[in-house]
Amino acid sequence: MNQFIIMMNEFLSTDIQAYYRYDYTTYRTEGNPDFINHLKNQFGDTNAPTLQNAVNDLKKVIEEDLTTIKKLHSNVNLTVCVIPRAKAEGYYSDNQRLFKRVISRIMGNISGLINGTNYIMRHTNTRTTHMNKNGRGGDGDMPYVGITKATCHISSEVQGKDILLIDDIYTKGVNIDEDAIQSLIDNGAKSVIFYAVAKTYKGGVKCNDLDLPF
C-alpha cells in the first residue's frame, strides 16, 4: 500500500493524509486494476461471473488495506464513509452499487471500524466526469466548490467522528474527492483521512509516493 498527501486547493482547506493500492493507467493495459471498471458496471450489462470476480478482488484488497490503515491509526475509531457515484442513489441498480455494498459488508470483519457507508448519499445527478469527454457524462454539473453539499445528504452522524473516506479511483485535478473531504469537515467531522483503491497517473510515469512496508 502507498501513501500520499492530497494538497489543499480551492476545494480543500487543508492537506489530507491519503493512501492507495494500485496505480491506475488505462483500462485493459497490463497490470491495471480493471476490476474497478467492472464493478462500476456503467451500462448494467456486465455478466455475473465478471462481477463476482471483481467483487472478490475488491473484497481482498479492501480487507487488507483497511486493516493496515487501522493499525496505522490505532489511536482512533475510524468511521468509514464512501464517495457516492455521480448520479442520484436511485439511478443505479443493485449490481451498479457493488463498490459500496462490498465495503459495507466487510465492516464487521475489521475491529475498530464503524460503518458509515450510507452517511453521504447523492440526491441530485452530477456529471459522470470520466465519461464526459466522450459525451456520455449524462446530466448534472461538473465539479464545482460545494458540489457535494449541494447534491448529497450528509448525515449528522459525521459530527465529531474520525472519518476514513473511500473512493475507487483518485484523480488529481478532478476535485470530487477534495470537495467531499471538505464537506465532511464543514459538517463537523473531527478528522478525515482518505483511501482509494487506485490512483491515476499520466504519461506512463509512476509517481514516487512512499511505499509502506505492509
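Cut-off values and rules
- Residues numbered from 1 in each chain as written.
- Predicted model: local features only at pLDDT ≥ 70, side-chain atom pairs only at ≥ 80, totals over all residues.
- Heavy atoms only, no water.
- Helix = DSSP H or I, 4+ residues; strand = E, 2+ residues; numbered from the N terminus.
- Buried < 20%, exposed > 50% of the residue type's maximum accessible area, 1.4 Å probe, protein only.
- Contact = heavy atoms within 4.5 Å.
- Axes fitted to C-alpha atoms, helices over the stretch in contact; angles between N-to-C directions.
- Parallel < 35°, antiparallel > 145°, perpendicular 65-115°, else oblique.
- Left-handed = near helix turned anticlockwise from the far one by under 90°.
- Nonpolar A, V, L, I, M, F, W, Y, C, P; charged D, E, K, R; others polar.
- Pairing = 2+ DSSP bridges.
- Right-handed = clockwise from strand over helix to strand, strands pointing away.
- Core = buried A, V, L, I, M, F, W, Y, C linked by side-chain atoms within 4.5 Å.
- Phe/Tyr/Trp six-rings, centres within 6.5 Å; stacked < 30°, edge-to-face > 60°.
- Lys NZ or Arg CZ within 6 Å of the ring centre and 35° of its normal.

With respect to the overall build of the protein
Of regular secondary structure, the protein possesses five helices and nine strands. Its helices and strands taken in sequence order, the protein reads β-β-α-α-β-α-β-β-α-β-β-α-β-β from the N to the C terminus. Within the protein, the fraction of its 214 residues that count as buried is 48%. Once local pairs closer than 6 in sequence are excluded, the contacts in the protein between residues at least 24 apart make up 72%.

Some thoughts on the packing of helix α2 (residues 48–72) against helix α3 (residues 98–106)
Contact geometry of α2 with α3 gives a least axis separation of 10 Å together with a crossing angle of 45°. The angle between α2 and α3 falls in the class oblique. Crossing of α2 over α3 shows right-handed handedness. Counted together, Leu-51, Val-55, Leu-58, Lys-59, Ile-62 and Glu-63 of α2 and Leu-98, Phe-99, Val-102, Ile-103 and Ile-106 of α3 form the full contact between these two elements. Here the residues of the contact of α2 with α3 sort into nine nonpolar, no polar and two charged.

Some thoughts on the pairing of strand β3 (residues 78–82)
Taking burial as the measure, the five residues of β3 include five buried ones, the bulk of the element. Side chains Leu-78, Val-80 and Val-82 project from β3 onto one buried face, and the interleaved Thr-79 and Cys-81 project onto a second face that is buried too. The pairing of β3 with strand β4 (residues 113–115) spans three bridges and is parallel. Considered in β4, the bridge of Thr-79 is made with Ile-114. What joins β3 to β4 is α3, and the crossover it makes is right-handed. When β3 meets strand β7 (residues 162–170), the two strands line up parallel, connected through five bridges.

Quick word on the environment of Ile-154
Checked against the element boundaries, Ile-154 lands in strand β6 (residues 152–154). Here the alpha-carbon distance between Ile-154 and Ala-180, two residues 26 residues apart in the chain, equals 9.9 Å. With residues up to four places along the chain from it excluded, the contact list for Ile-154 reads Tyr-119, Ile-120, Thr-148, Lys-149, Ser-183, Leu-184 and Asn-187.

A word on the nonpolar core
If you look at the biggest cluster of nonpolar residues, it comprises 33 residues, and the most contacted ones within it are Leu-58, Ile-62, Leu-66, Leu-164, Tyr-195 and Val-197. If you list the elements that add at least two residues to this core, you get β2 (16–24), α1 (35–40), α2, β3, α3, β7 and β8 (191–200). Listed in part, the 25 residues of the second largest apolar core include Leu-12, Cys-81, Ile-147 and Ile-154.

Remarks on the packing of aromatic side chains
Per the stated rule, a full pass over the model turns up five aromatic pairs. A centroid spacing of 5.3 Å and a plane angle of 45° characterise the contact between Phe-4 and Tyr-170, whose relative ring orientation is tilted. Of this pair, Phe-4 sits in strand β1 (residues 2–6) while Tyr-170 sits in strand β7, and the two are 166 residues apart along the sequence. Here the two residues Phe-4 and Tyr-170 agree in accessibility, since each one is buried. Taking 5.8 Å as the distance between ring centres and 65° as the angle between the ring planes, the aromatic pair formed by Tyr-170 and Phe-194 counts as edge-to-face. Taken together, the positions of Tyr-170 in strand β7 and Phe-194 in strand β8 put the pair 24 residues apart, joining distant regions of the chain. Here Tyr-170 and Phe-194 have matching classes, each one buried. Counting every residue linked through ring pairs, the aromatic cluster contains Phe-4, Tyr-20, Tyr-170 and Phe-194. Positioned above the aromatic ring of Phe-4 is the side chain of Lys-199, whose terminal nitrogen or guanidinium carbon lies 5.1 Å from the ring centre.

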